[in-house]
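Architecture at a glance
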Amino acid sequence: MAKLAAACALLVAAPALAQPVDTGHLVAELVARDQSIAPGATTYVAVRQKIDKGWHTYWRNSGDSGEATRVVWTLPPGWTAGDIVWPAPTRQPTGPLMNYGYQGEVLLPVPITAPANAKPGETVTLKAAASFLVCEEICVPEDAVLTLSLPVVEGLADPNPAWSGPIAKALSDAPTPANFASVFAKQGTNIVLAVTGEDLKGADVSDAYFFPFDSTLIDHAKPQAIERGPDGLTLTLTPGYAFQEGDGPKTMAGVLSLGDRAYEISAIVGTPPAGASGLGAPPSKAVGGGGGALGLPLAAAFAFLGGLILNLMPCVFPILAMKAASLAGHAHDRRTAQGQGLAFLVGVLATFLALAVALIAVRAGGAAVGWGFQLQSPPVVAGLALLMLAVALNLSGVFEVGSSLQGVGTGLAGKRGMAGAFFTGALAVVVAAPCTAPFMAPALGWALTQSAPAAITVFLALGLGFAAPFALAAFVPGLLTRLPKPGPWMDGFKKLLAFPMYGAAAWLVWVLTIQAGETALARIFAAAVILALAAWLLGVAQRRRAAGEKPLLLASVGAVLVLAAAVAAIWPSYGAPQSGQAASASAGGAASVPYEAYSPEKLAAAQAAGKPVFVNFTAAWCVTCQVNEKVALSTQGVAEAFKQTGAVYLKADWTLKDAVIEAELAKHGRAGVPLYLVYGAKGGDGVILPQILTEGLIVRALKDAQSR
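Quick caveat, the model's predicted, so the values are computed rather than measured.

1. Points about the overall build of the protein
When its secondary structure is counted, the protein shows 22 helices and 25 strands. Every one of the 708 residues in the protein was classed for burial, and the buried ones make up 50%. Residue pairs in contact within the protein that sit at least 24 positions apart in sequence constitute 76% of those at least 6 positions apart. Of the accessible surface of the protein, which amounts to about 30,400 Å², a share of 62% is contributed by carbon and sulfur atoms.

Listed below in structure tokens is the structure:
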């Protein structure tokens, strides 16, 4: 009989019922996941808010202003209500403030547990007094007393057909504790929050945002800069009031939202791991200083145009001499000229591909490197200086590599000529690497935030653009026939073209002294003398061999000296320059404009003082940077503009590796230098100037910065 009575009670029990309440700017009601509940069981009852268009309510941490939704339950004896399961919020900017909350429709699920002695067949009334702060341009506190009738039954409860699905989705989408390693550290005026974990490897973090549970932890209105890493991500946050007292908090708990999913994290004080950074800003944050993503087709097109323009940059001028000599030597042998053009193209593409793979691999390992990274290493710079010297000595006739240019009409169609063209293409890329031409910067900045295939595609497009003029010229008969025929004049022309290479070697020695100090001069000069002696000995050996002798000893000594010069240039490791030497040496011609070494703290202090700020991201090995220093930044007109506007000049010297500078470059979608930013006197983001500067351009930018 008892079972029959229970069955009858189940048949007549009404499902969960509630009455919506219109509070003025939202409609609230209680909705249940299940139509009933069994004794001792738990169900979820959600406070549903249907908010008027344009209005919003608040998350558990409302942000800079506002107040979280509050719910006070009145339940029958023995019944209990748990904490609200808060969905991940969205940002609700209001003027200069940043708040966190919800728009449209939101469900706030709460676990409700019936006591074990609840009687099947009865219907209980659950009551919740809810308080909402509903805001648009104004904020209105609104209240509602919400009720829900819930039958008690034996056995499993039937799901509520109207609300079981939405509540289940709200619960599954809600942030849950993640198995992430989360640490934070105070760095200057910022907080660096690093999060790593399996679920973050290769994840799209372009919408990453940290919502703290404690409203005093961060300045909510400040942007959160994102940097990817092979194992996770790093967010740069602006500290709040909690960090102004004593040593600051020991933990930072909150929600890490990635846009489509969210996780609860609790970070502790620690050293951010290398795997949380090093890959730059995500695509949607990286291009154009925070603009939209380029996309592969447009990035490849930009790279191709940048490669074309790269041929006109000052850093490539020495190699233009080698290109010109090769083209002139084969002008009247069409087949050979075309072969040389293709070999040059292959050399360029192979070297760009090698640089791209190396750059991607090093960044994937967590290192902070960018375009031109190889010239941040003193041994590499020293080795390139000796290589340039060797090329110059070859062009000067001290020794020969392959056939003489005097014999180009008959003997350079062979294998050695093709190898020389390939080498010329490779060397051109190595020398051009420090430069960043127009269109290149956004393309490379985009490429270094993408997958390896996309990045390599962009680098190959850059190589095609760079090689195109010389390669195509080899296939244009009209151009080739206009060049003079090979003859004795070629020997003099070749020797004349050696001097740009001597200049390139001297420039690299200057870069080396900035990186490793003046003591490196003695070492590189000694290596250069050894190399010159080796070249002379090899030249003597070549001439004796041509006369029918077998100068094996001379050739062997020359080869040993070449090896000795290379070892002297790259081993042992170079020391650091004396304090202040690098900064003063890389100042170029800008002595008339006082500057300070860049740091985020100095930038923030200048902005807080209401001053315009000019930031120059430069490097000694960047020839374009040095030309801009001489031609534009060192002029009297620019110096006067700095004085009149009161602008602060900050120089970010990237001659040596610097993770802070690399991160700033990545934040603005750049993989290399130069980069010029002008910040207005009223704060805000920096305006990016063109990579080729003029005096008038800088003066106008500084004057505009006074009023913005």
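2. Brief notes about the sheet that holds strand E9 (residues 97-102)
Pairing between the strands of a sheet is mediated by backbone hydrogen bonds and can be parallel or antiparallel. Taking strand neighbours across the sheet as the criterion, the three strands line up as E5-E9-E8 in an open arrangement whose pairing is antiparallel. Two strands lie at the open edges of the sheet, namely strand E5 (57-63) and strand E8 (90-94), each paired on one side alone. Strand after strand, the sheet turns through a mean of 50 degrees between neighbouring axes, direction not considered. Here five bridges tie E8 to E9, and the two strands are oriented antiparallel to one another. For Thr90, the partnering residue across the bridge sits in E9 and is Gly101.

3. Some words on the state of the cysteines
For the structure on display, the rule yields one disulfide. Two residues, Cys135 and Cys139, share a disulfide whose sulfurs are 2.0 Å apart. The chirality of the disulfide connecting Cys135 with Cys139 is right-handed, given an S-S dihedral of about 115 degrees. Note on Cys139: relative accessible area 43%, which makes it partly exposed.

4. Section: the pattern of salt bridges
Applying the stated rule across the entire model yields 11 salt bridges. Close ionic contact of Asp219 with Lys222 constitutes a salt bridge, the shortest N to O distance being 3.2 Å. One salt-bridge network, held together by shared partners, links Glu29, Arg48 and Glu105.

5. As for the packing of helix H15 (residues 519-546) against helix H16 (residues 552-570)
Interhelical geometry of H15 versus H16 gives an angle of 160 degrees and a closest axis separation of 8 Å. For the element pair H15 / H16, the angle class is roughly antiparallel. In this structure, H15 meets H16 at a crossing whose hand is left-handed. Its residues placed into classes, the contact of H15 with H16 shows 21 nonpolar, one polar and three charged.

6. Thoughts on the side chain of Asp653
Residue position: Asp653 is located in strand E23 (residues 648-653). Buried within the structure, Asp653 lacks any salt-bridge partner; its nearest side chain of opposite charge belongs to Lys651, at an N-O separation of 7.1 Å.

7. Remarks on unusual backbone geometry
Residue Pro572 follows Trp571 across a cis peptide bond; omega there is -5 degrees. Inspection of the secondary structure puts Pro572 in the loop between H16 and helix H17 (581-585).

8. Looking at the sheet that holds strand E10 (residues 105-113)
Strand order in the open sheet made by the five strands is E2-E3-E4-E10-E7, with antiparallel pairing throughout. Edge strands, defined here as strands with exactly one partner in the open sheet, are strand E2 (21-22) and strand E7 (80-81). In this structure, E2 lies alongside strand E3 (residues 26-32), joined through two bridges in antiparallel fashion. If you follow Val21 over to E3, its bridge partner there is Ala28. Along the sheet, helix H2 (residues 164-173) makes contact with E3, strand E4 (42-51) and E10, crossing E10 at roughly 90 degrees.

9. Quick notes on the nonpolar core
With 76 residues, the main nonpolar core has Phe614, Val615, Phe617 and Val673 as its most contacted residues. Sort the elements by how many residues they give to this core and helix H7 (residues 378-395) lands first, with 12 residues. Residues Trp55, Tyr100, Val124 and Leu217 belong to the second largest nonpolar core, which totals 64 residues.

10. What to know about a nonpolar patch on the surface
On the surface, Phe304, Leu305, Phe439 and Leu464 cluster together into a nonpolar patch covering about 310 Å² of accessible area. Along the chain, Phe439 turns up in the loop between helix H9 (415-432) and helix H10 (440-447).

11. Remarks on the packing of helix H14 (residues 498-516) against H15
Running from N to C, H14 and H15 cross one another at 140 degrees; their axes reach a closest spacing of 8 Å. Here H14 lies oblique to H15, going by the angle between them. For the crossing formed where H14 meets H15, the hand is right-handed. Side by side, H14 and H15 meet where Val509, Leu512, Thr513 and Ala516 of the first sit next to Thr519, Ala520, Leu521, Ile524 and Phe525 of the second. Each residue belonging to the contact of H14 with H15 can be placed in one class, and the counts come to seven nonpolar, two polar and no charged.

12. Some thoughts on helix H21 (residues 659-667)
Those residues of H21 not exposed but buried are Ile661, Glu662, Glu664, Leu665 and Ala666. Measuring from the side-chain oxygen of the N-cap residue of H21 to the backbone nitrogen of Val660 gives 3.0 Å; that N-cap residue is Asp658. Just past H21, the residue Gly669 takes up positive phi, approximately 75 degrees.

So, how was this worked out
Residues numbered from 1 in each chain as written. Predicted model: local features only at pLDDT ≥ 70, side-chain atom pairs only at ≥ 80, totals over all residues. Heavy atoms only, no water. Helix = DSSP H or I, 4+ residues; strand = E, 2+ residues; numbered from the N terminus. Buried < 20%, exposed > 50% of the residue type's maximum accessible area, 1.4 Å probe, protein only. Contact = heavy atoms within 4.5 Å. Areas by Shrake-Rupley, 256 points an atom, 1.4 Å probe, with all protein chains shown as cover. Pairing = 2+ DSSP bridges. Axes fitted to C-alpha atoms, helices over the stretch in contact; angles between N-to-C directions. Disulfide = S-S within 2.5 Å. Salt bridge = Lys/Arg side-chain N within 4 Å of Asp/Glu carboxyl O. Parallel < 35°, antiparallel > 145°, perpendicular 65-115°, else oblique. Left-handed = near helix turned anticlockwise from the far one by under 90°. Nonpolar A, V, L, I, M, F, W, Y, C, P; charged D, E, K, R; others polar. Lys, Arg positive; Asp, Glu negative; His and termini not counted. Core = buried A, V, L, I, M, F, W, Y, C linked by side-chain atoms within 4.5 Å. Patch = residues over 30% accessible without salt bridge, like charges linked within 9 Å, V, L, I, M, F, W, Y side chains within 5 Å. Polar contact = N/O pair within 3.5 Å; in protein donor to acceptor, adjacent residues only side chain to side chain.

Interpretation note: all reported values are geometric properties and have no functional meaning in isolation.
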